Amino acid sequence: MMFRKANSFKVINNLTINKSSPVSLVHFLTNRCNARCSFCFIDFNDPKTFKGELTIEEINSLTKNMHDTLLNVNFTGGEPFARKDILEIAKCYIDNTTIQSIYITTNGSLPERALNFVKKVNEYNADIELNLQISIDALGEQHDKIRKIKGLFDKAVETYKLINSLSIANINSSVNITVTHENYENVDQIYDELKNTHGVKNLKCILVRDEGIYQTPDKLKKDLLNSYNNLVLKINSDQNKKDNKNFNKNSIQGKIHRAKDKISYKLVKEMYLENSYLSPCHASSLFGVIGASGDVFPCEILEDKKIGNLRDYNMNFKELWKDDLNKKTKKWILESKCRCTYECGLSFNIIGNYRYYPRLFLEFLK
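Remember, it's a predicted structure, so these values are computed and weren't measured experimentally.

### As for the packing of helix H4 (residues 111-124) against helix H6 (residues 152-164)
And then number 1: Remark: H4 packs on H6, axes separated minimally by 9 Å, with the N-to-C direction vectors making an angle of 20°. The angle between the axes of H4 and H6 places the two elements in the roughly parallel class. Of the two elements, H4 crosses H6, and the hand of that crossing is right-handed. From H4, Pro111, Glu112, Ala114, Leu115 and Val118 reach across to H6, where they touch Lys155, Glu158, Thr159, Leu162 and Ile163.
And then number 2: Of the residues that constitute the contact of H4 with H6, the class distribution is 6 nonpolar, 1 polar and 3 charged.

Now the structure itself:
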């Protein structure tokens, strides 16, 4: 069976024809974070930033009212492991929805919490794929300086090694390098040293995007793109040699994700400088974002297009998603040819567009 809990026909029909309900969601579990990265889009100076987190009872109710096409949830923040009830949140999604995988974006500062989490989730349901994406943007003390946590680099590498030392097929950790104005001149060295000195074999990269309170200096954008391109070449080369394994190579979802990443890298290169329109965006249909306090958005970028707050819909996600405001938002996204280099959004633009299927299929077979 292609999808263990979800109806395969419904999922495929939704992806290719209806495009009416999410197959993946990003859930900001909290805005709390022990880091203060210069390129973060969260405004930590705003006192409202930390108010009104959804409770575990609300999340349990929320997950009981989701579509049966949902295959993945990405826990992020803030620092998601700042929530001590993260395991209970995961269980809500596992018990109440049709997810097959949980991705977690983390700064890696809490290795024991991360290790305990993946062990407990695997004990609870061994079918769920777990992927921790650990952010490392520089080496040693320079990484600590960028993210403003002493000893963070060593903790992040420790988290990576602890998770992968479990040697469980459904559990994987990778390191994600964000190319920014602070590290673009050194990303090749960062990649090589992580790989050759620190034993980090699973590496990805993203290009920093303008979002929230962060704006990339215009004069540096071309240099950032060149550094990103060089890093992508290294990653693709190592993946082709089987030296870089970011996802479960034995699962359909893992293979699709790897194939999708290769296409996504190419799209970012084509779009970044000129903001070129390449294909329709499926935010507000196949993909959405749940904020820490229950606000729902089409994606992280469209902060001015809030669809609604779950508390106003009695935590019923399906009711919020079918609201007229979301229909109008979806129409606006398509008619305005909304586009960006937000990787999570690009993922479902690729999977939901026929034009990418030949490339997706060829990459899937490699």
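Text resumes after the structure shown.
### Things to note about the sheet that holds strand E3 (residues 101-106)
And then number 1: If you walk across this open sheet you meet the 9 strands as E6-E5-E4-E3-E2-E1-E7-E8-E9, and the pairing is mixed. Among the strands making up the open sheet, the edge pair consists of strand E6 (203-207) and strand E9 (308-309).
And then number 2: Pairing geometry for strand E5 (residues 171-179) and E6, over 5 bridges, is parallel. What sits directly across from Val179, in E6, is Leu207.
And then number 3: Of the strands in this sheet, E5 and E6 are in contact with helix H7 (residues 187-196), which crosses E5 at around 160°.

### Re the packing of aromatic side chains
And then number 1: Going through the model one piece at a time under the given rule, you end up with 6 aromatic pairs.
And then number 2: Centroid distance Phe287 to Phe348: 5.8 Å. Interplanar angle 15°. Geometry classified as stacked. With Phe287 in strand E7 (residues 287-290) and Phe348 in helix H12 (residues 343-351), the pair connects residues that are 61 residues apart, well separated along the chain. For the pair Phe287 and Phe348, a shared accessibility class is recorded, and that class is buried.
And then number 3: Judged by centre distance (5.5 Å) and plane angle (70°), the rings of Tyr354 and Tyr357 are edge-to-face.
And then number 4: Residue placement shows Lys91 over the ring face of Tyr124; its charged tip is 4.9 Å from the ring centre.
And then number 5: One Lys or Arg, Lys305, reaches over the ring of Trp332 and ends 4.1 Å from the middle of that ring.

### Thoughts on unusual backbone geometry
And then number 1: Here Ser167, not a glycine, exhibits a phi torsion of approximately 55°, which is positive.
And then number 2: Structurally, Ser167 is set in the loop between H6 and E5.
And then number 3: Its identity is not glycine, yet Ser284 carries a phi of approximately 75°, on the positive side.
And then number 4: Tracing the sequence through the fold places Ser284 in the loop between helix H9 (252-271) and E7.

Cut-offs used in this document
- Residues numbered from 1 in each chain as written.
- Predicted model: local features only at pLDDT ≥ 70, side-chain atom pairs only at ≥ 80, totals over all residues.
- Heavy atoms only, no water.
- Axes fitted to C-alpha atoms, helices over the stretch in contact; angles between N-to-C directions.
- Helix = DSSP H or I, 4+ residues; strand = E, 2+ residues; numbered from the N terminus.
- Parallel < 35°, antiparallel > 145°, perpendicular 65-115°, else oblique.
- Left-handed = near helix turned anticlockwise from the far one by under 90°.
- Contact = heavy atoms within 4.5 Å.
- Nonpolar A, V, L, I, M, F, W, Y, C, P; charged D, E, K, R; others polar.
- Pairing = 2+ DSSP bridges.
- Phe/Tyr/Trp six-rings, centres within 6.5 Å; stacked < 30°, edge-to-face > 60°.
- Buried < 20%, exposed > 50% of the residue type's maximum accessible area, 1.4 Å probe, protein only.
- Lys NZ or Arg CZ within 6 Å of the ring centre and 35° of its normal.

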